[in-house]
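Remarks on the overall topology
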Amino acid sequence: MPQKQLTAPDILAAKGARKLAVLTAYDYPTGLLADAAGADVILVGDSLGNVCLGLPDTLGVTMADMLHHTKATSRAVKSALLVGDMPFLSYQTGIETAVANAGRFLQEAGARAVKLEGGAEFIPHIKAMLAAGIPVMGHLGLTPQQIARLGGFKAQGKTARAARKLVADAKALAEAGCFALVLEAVPAEVAARITREIDIPTIGIGAGPDCDGQVLVFHDIVGLCPGLRPSFVKQYVDLWTPAREALSAYCAEVRGGRFPAEAQTRRMAADELAEFQAASEYGDA
Ligand code: KIV
């Protein structure tokens, strides 16, 4: 029997019933792996810029990039809810643009929901998307599309005043109809309070253990991202070292004439070979 793919209402209904495991993915193989691992939600995050496109941040990620990668991921995902991340300036410039761009994730790329960064200032955009039939996931706390204004990748909600603003924004997003809310790099106490006070699932990343679910970036979990990792990331396996060793071994074998060996070589059948060798160089074809 074909497995039913999770929907935004399924994710909403999980609040208080079970913890949600969310993973990012960016293409067909990472989508296959994340889906096979049993993720509830697979997010094609605009972290695409950092982990796949070699960009220093997410500001250079475009709608074209996101649609291209969401399409590829959607061909792999059969069980999880697939969420497309709205990139910088795809929704901030106006409500009509926001709905049109959000709609493209569903119409062209196979996503069944979108995520956007920001608080109460985007309620009109979110309501318009919902009216068009597009489920929306919110994202508060460290919102990487704001790094130019924030002055870098900094934890948010550390003062009582900033924490109160986060709680107010979370309530506004929940009341507007978001089906889930990502909380990134906020103190655990603030995330716990938001989780208690809103009736949609909170999905934490660097937001402590009390959220309704957690999200991590695919490349961080499997150790495919060299360089500094934020302290809240847990790397479950190091794929970088064995992958680099395998690729170096291949290069050395090619240079040393050891690849391809007999096992990777296709040879002619003996009778065809005899006929081939008997024919003169310019003989009949
Ligand atoms: O872009 C992304 O991958 C994200 C997650 C870290 C939540 O926004």
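Just above, that's the structure.
So, a few notes on the structure that sits alongside this text. The model shown is predicted, which means the values in this text are computed figures rather than measured ones.

**A short note on the overall build of the chain**
A count of helices and strands for the chain gives twelve helices and eight strands. Over its C-alpha atoms the chain spans a radius of gyration of 24 Å, topping by over 25% the 19 Å that the globule rule assigns to 285 residues. For the chain, the proportion of its 285 residues judged to be buried stands at 46%. Taking all contacts inside the chain whose residues are at least 6 apart in sequence as the whole, residues at least 24 apart take part in 59%. Total accessible area on the chain stands at roughly 15,000 Å², and carbon and sulfur atoms take up 58% of it.

**Comments concerning the packing of aromatic side chains**
Within a pair of aromatic rings, the relevant descriptors are the distance that separates the centres and the angle that separates the planes. Considering all chains together, one arrives at two aromatic pairs under this definition. Arranged with centres 5.7 Å apart and planes meeting at 65 degrees, the rings of Tyr 250 and Phe 259 form a pair that is edge-to-face. The exposure class of Phe 259 is partly exposed, given its relative accessible area of 34%.

**Some thoughts on the pattern of salt bridges**
Applying the stated criterion across every chain yields a total of nine salt bridges. One salt bridge in this structure joins Arg 267 and Glu 262, with 2.8 Å as the shortest N-O distance. Via salt bridges that share partners, Lys 171, Arg 193 and Glu 197 belong to a single interconnected network.

**With respect to the layout of surface pockets**
Considering only enclosed or pocket space, the largest pocket measures out at about 790 Å³ in volume. Lining the largest pocket are 35 residues, with Ser 47, Glu 184, Val 217, Asp 220 and Pro 230 positioned closest to its centre. Elements with a minimum of two residues in the lining of the largest pocket: strand E1 (20–24), helix H3 (48–51), strand E6 (180–184) and strand E8 (213–216). Its residues assigned to classes, the lining of the largest pocket shows 19 nonpolar, eight polar and eight charged. Space inside the second largest pocket adds up to approximately 460 Å³. If you go around the second largest pocket, you meet 23 residues; those closest to its centre are Gly 141, Thr 143, Arg 149, Leu 150 and Gln 156. Elements supplying a minimum of two residues to the lining of the second largest pocket: strand E5 (136–141), helix H7 (147–150) and helix H8 (160–176). Each residue belonging to the lining of the second largest pocket can be placed in one class, and the counts come to seven nonpolar, nine polar and seven charged.

Conventions and cut-offs
Residues numbered from 1 in each chain as written. Predicted model: local features only at pLDDT ≥ 70, side-chain atom pairs only at ≥ 80, totals over all residues. Heavy atoms only, no water. Helix = DSSP H or I, 4+ residues; strand = E, 2+ residues; numbered from the N terminus. Rg over C-alpha atoms; globule rule 2.2 N^0.38 Å. Buried < 20%, exposed > 50% of the residue type's maximum accessible area, 1.4 Å probe, protein only. Contact = heavy atoms within 4.5 Å. Areas by Shrake-Rupley, 256 points an atom, 1.4 Å probe, with all protein chains shown as cover. Phe/Tyr/Trp six-rings, centres within 6.5 Å; stacked < 30°, edge-to-face > 60°. Salt bridge = Lys/Arg side-chain N within 4 Å of Asp/Glu carboxyl O. 1 Å grid on protein atoms, 1.4 Å probe; cavity = no way out; pocket = protein on both sides within 12 Å on 5 of 7 lines; lining within 4 Å. Points joined across faces, edges and corners; volume = space filled by probe spheres on them. Nonpolar A, V, L, I, M, F, W, Y, C, P; charged D, E, K, R; others polar.

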